[in-house]
Amino acid sequence: MPRITTLVRHLEARGLKVEYVPGWSTRGSSSFNPKGVMDHWTAGSKGSTTRPSLRVVTNGRPGLPGPLCNVYLDRRGVAVIVAAGRANHAGYGSWKGYTGNTYFFGIEAEAAGPSDWTDEQREAYPKLNAALLDAIKQDDASFVCGHSEYALPRGRKIDINGYSMDNMRAQTQAVLRGQKPSTKPSGSSKPKPESKPKPKPVKKQLNSTPPDGSTVFPTDYEDLILDKDFGKITVGAFQILMEAVKIGVRYNERWDGEWRQRTIKDAMEWLQANGYYKVTQHARAGVPKGTPLKVDGGDGYWFWYELQRFLKARGFYNKTNKGVPLKLDGDPEGWTIHGFQRYINTNNGE
Ligand SMILES: [Zn+2]
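So, how was this worked out
Each chain has its residues counted from 1, running along the sequence as written. Note on the predicted model: pLDDT of at least 70 is required for a residue's local features to be given, and 80 or more for side-chain atom pairs to be given and counted; whole-chain, interface and lining totals, by contrast, use all residues. Heavy atoms throughout the structure, all of them, feed into the side-chain values; hydrogens and water do not. The secondary structure listing takes helices from DSSP runs of H or I that are at least 4 residues long and strands from runs of E that are at least 2 residues long, numbered from the N terminus. Relative accessibility under 20% of the residue-type maximum defines a buried residue, over 50% an exposed one, and the middle range a partly exposed one, all with a 1.4 Å probe and only protein chains included. Whether two residues touch is decided by their heavy atoms; if any such pair falls within 4.5 Å, the residues are in contact. Two aromatic rings, drawn from Phe, Tyr or Trp (for Trp, its six-membered ring), form a pair once their centres lie within 6.5 Å of each other, and the interplanar angle then sorts them: stacked below 30 degrees, edge-to-face above 60, tilted otherwise. For two strands to count as paired, DSSP must find a minimum of two bridges between them. Angles run from 0 to 180 degrees between N-to-C directions of axes, and those axes are lines fitted to C-alpha atoms, restricted for helices to the stretch in contact. A helix is expected to span 1.5 Å multiplied by its residue count minus one. A pair is scored as a salt bridge if a Lys or Arg side-chain nitrogen falls within 4 Å of a carboxyl oxygen belonging to Asp or Glu. A residue's pLDDT is simply how confident the predictor is in it, with values from 0 to 100. Shown as donors are all N, O and S atoms within 2.8 Å of a metal ion, widened to 3.2 Å for Na, K and Ca; because water is not in the atom set, sites may appear incomplete. Throughout this description, the term nonpolar core refers to a set of buried Ala, Val, Leu, Ile, Met, Phe, Trp, Tyr and Cys residues connected via side-chain atoms within 4.5 Å.

The name recorded for the protein chain in an unreviewed UniProt entry is N-acetylmuramoyl-L-alanine amidase, from Glutamicibacter halophytocola.

1. Overview of the overall build of the protein chain
Helices and strands together make up the secondary structure of the protein chain, namely nine helices and eight strands. By the burial criterion, 53% of the 350 residues in the protein chain qualify as buried. Here the analysis covers contacts within the protein chain between residues at least 6 apart in sequence; of these, 68% occur between residues at least 24 apart.

2. Comments concerning the packing of aromatic side chains
Tallied over the entire structure, the rule returns 24 aromatic pairs. With 6.2 Å between their ring centres and 45 degrees between their planes, F230 and F340 make a pair best called tilted. With F230 in the loop between helix 5 (165–176) and helix 6 (232–245) and F340 in helix 9 (residues 334–346), the pair connects residues that are 110 residues apart, well separated along the chain. Assessed through its relative accessible area of 1%, F340 is described here as buried. On the numbers, 5.6 Å between centres and 85 degrees between planes, the contact of F316 with Y343 is edge-to-face.

3. Notes on the sheet that holds strand 1 (residues 17–20)
Taken in spatial order, the six strands of this open sheet run 1-6-5-7-2-8, and their pairing is mixed. At either end of the open sheet lies a strand with only one pairing partner, and these are strand 1 and strand 8 (144–146). Taken pair by pair, the neighbouring strands of this sheet meet at an average axis angle of 25 degrees, ignoring direction. Packed on one face of the sheet, helix 5 meets strand 2 (36–41) and strand 8 and runs near 155 degrees to strand 8.

4. Description of helix 5
Over its 12 residues, helix 5 extends 16 Å from the first C-alpha to the last, a length consistent with the 16 Å expected when each residue adds 1.5 Å. Among the 12 residues that make up helix 5, nine are buried, leaving the element largely enclosed by the rest of the structure. Of the surrounding secondary structure, the elements contacted by the buried residues of helix 5 are strand 2, helix 3 (119–135), strand 8 and helix 4 (147–150). Directly beyond the C-terminal end of helix 5, a positive phi value near 95 degrees is found at G178.

5. Quick look at the pattern of salt bridges
Oppositely charged side chains may form a pair once their charged atoms are brought near each other. Inspection of every chain in the model, using the stated rule, returns 11 salt bridges. A salt bridge links D116 to R75, with the nearest nitrogen and oxygen atoms 3.0 Å apart. Highlighted residues: D116 in the loop between strand 7 (104–109) and helix 3 and R75 in the loop between strand 5 (71–73) and strand 6 (78–81), separated in sequence by 41 residues. Comparing D116 with R75 shows no difference in burial state: the two are buried. One salt bridge connects R169 with E149, and the closest N-O pair in it is separated by 2.7 Å.

6. Topic: the confidence of the model for the protein chain
Looking at the protein chain, pLDDT values average 87 and 89% of them are 70 or higher. pLDDT under 50 marks residues 185–200. Its contacts with residues more than four places away, or in other chains, come to 22 contacts.

7. Looking at the coordination of the zinc ion
Around the zinc ion, the donor atoms from the protein are H40 (ND1), H147 (ND1) and D159 (OD), and they sit 2.1 Å away. Written as a sequence motif, the donor residues of the zinc ion are H-x106-H-x11-D. Note that H147 is positioned in helix 4 and D159 in the loop between helix 4 and helix 5, a separation of 12 residues in sequence. One exposure class covers both H147 and D159, and it is buried.

8. Section: the pairing of strand 6
Burial of strand 6 is two-sided: the residues V78 and V80 facing one way and the residues A79 and I81 facing the other way are all buried. Two strands pair when backbone bridges link them, and strand 1 and strand 6 are joined in this way by four bridges, in the parallel orientation. Looking at the pairing, V18 lines up with A79 of strand 6. Sheet topology note: the strand 5/strand 6 ladder contains three bridges and is antiparallel. Residue pairing in the sheet places V71 in a bridge with I81 of strand 6.

9. What about the side chain of T102?
With respect to the helices and strands, T102 occurs in the loop between strand 6 and strand 7. The buried category is assigned to T102, whose relative accessible area is 8%. The residues contacting T102, other than those within four sequence positions of it, are S31, F32, N33, P34, R86 and T346.

10. Structural notes on the nonpolar core
Residues F238, W259, W270, L271, F303, L307 and L311 are the most contacted members of the largest nonpolar core, which totals 38 residues. For this core, the secondary-structure elements that each account for two or more residues are helix 6, helix 7 (261–273), helix 8 (301–313) and helix 9. In this structure L271 touches Y276, Y277, F303, E306, L307 and F310, once residues within four positions along its chain are discounted. The next biggest cluster of nonpolar side chains, apart from the first, holds 37 residues, and it includes V37, V71, I158 and I160.

Pasting the structure below:
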């Protein structure tokens, strides 16, 4: 799906005050296929009546290219459209089976913390969720999630605590049904103390800094250059992703950028957790179709074949830049790595 350029119309139809950042309709990648909406806060300065975070959510910050959301909700409840294309806001996680920036609109509301919402924002937020669901013809508010509900591992993100997401979804559903949303605080009247610890700040991998053998993993990395090179940086970025997942995956304990048996085993388990790398897909070298595949840390034909299948199912291994269809050939050549790099980038960021 391309960028969603109908946002102004949909937001206005829900009665929102709408502004936009010039260039919004072409901002963000066109490889965008939103199925739901993810709610965030900016954790900006408290009580500000200006728009202190608008510039950063539009242009990004060092190491994380913008846009960082699709719509920014200011302190007066004005919805500022930032980008019609894919934005860097989700990072690794899962909601309704969807993973990554490709599948979610991102809303960033200007708030310093759990108790820092204005009445105007509380009134606008459910309407904004509903308007974005309208834009993708979705009338089920369960496709709205908070960043902390989505993010893996659990506790990686705390937004948007202080705003009960069950209440947010109920209010969004009410808007979708044509009822006026309540302006009452949607959480309990007293904001809940933040129970989840903030992840400790760790240094980030830049494309110029190769992995260093540390046991402390960065939480994200500068987007990989799509150079088809399966070097330390790409493997290091993949290890960061594995470290973040930790679901049914042993994950590599060292961030070393080495494509060795342990990292390959992690990759195999990760593919299995996603329904791939289970049995052979066709007969090969005397081995019949349907033979169970072993997690053995050897990156042979079947490993690369299944990785290609996995990437293809997610739209990252279809055609070369010149439009030539890519084959499932079990070959770890440039286009396989290119697709893998694109996939890793999609799961990067916030
Ligand atoms: Zn967030």
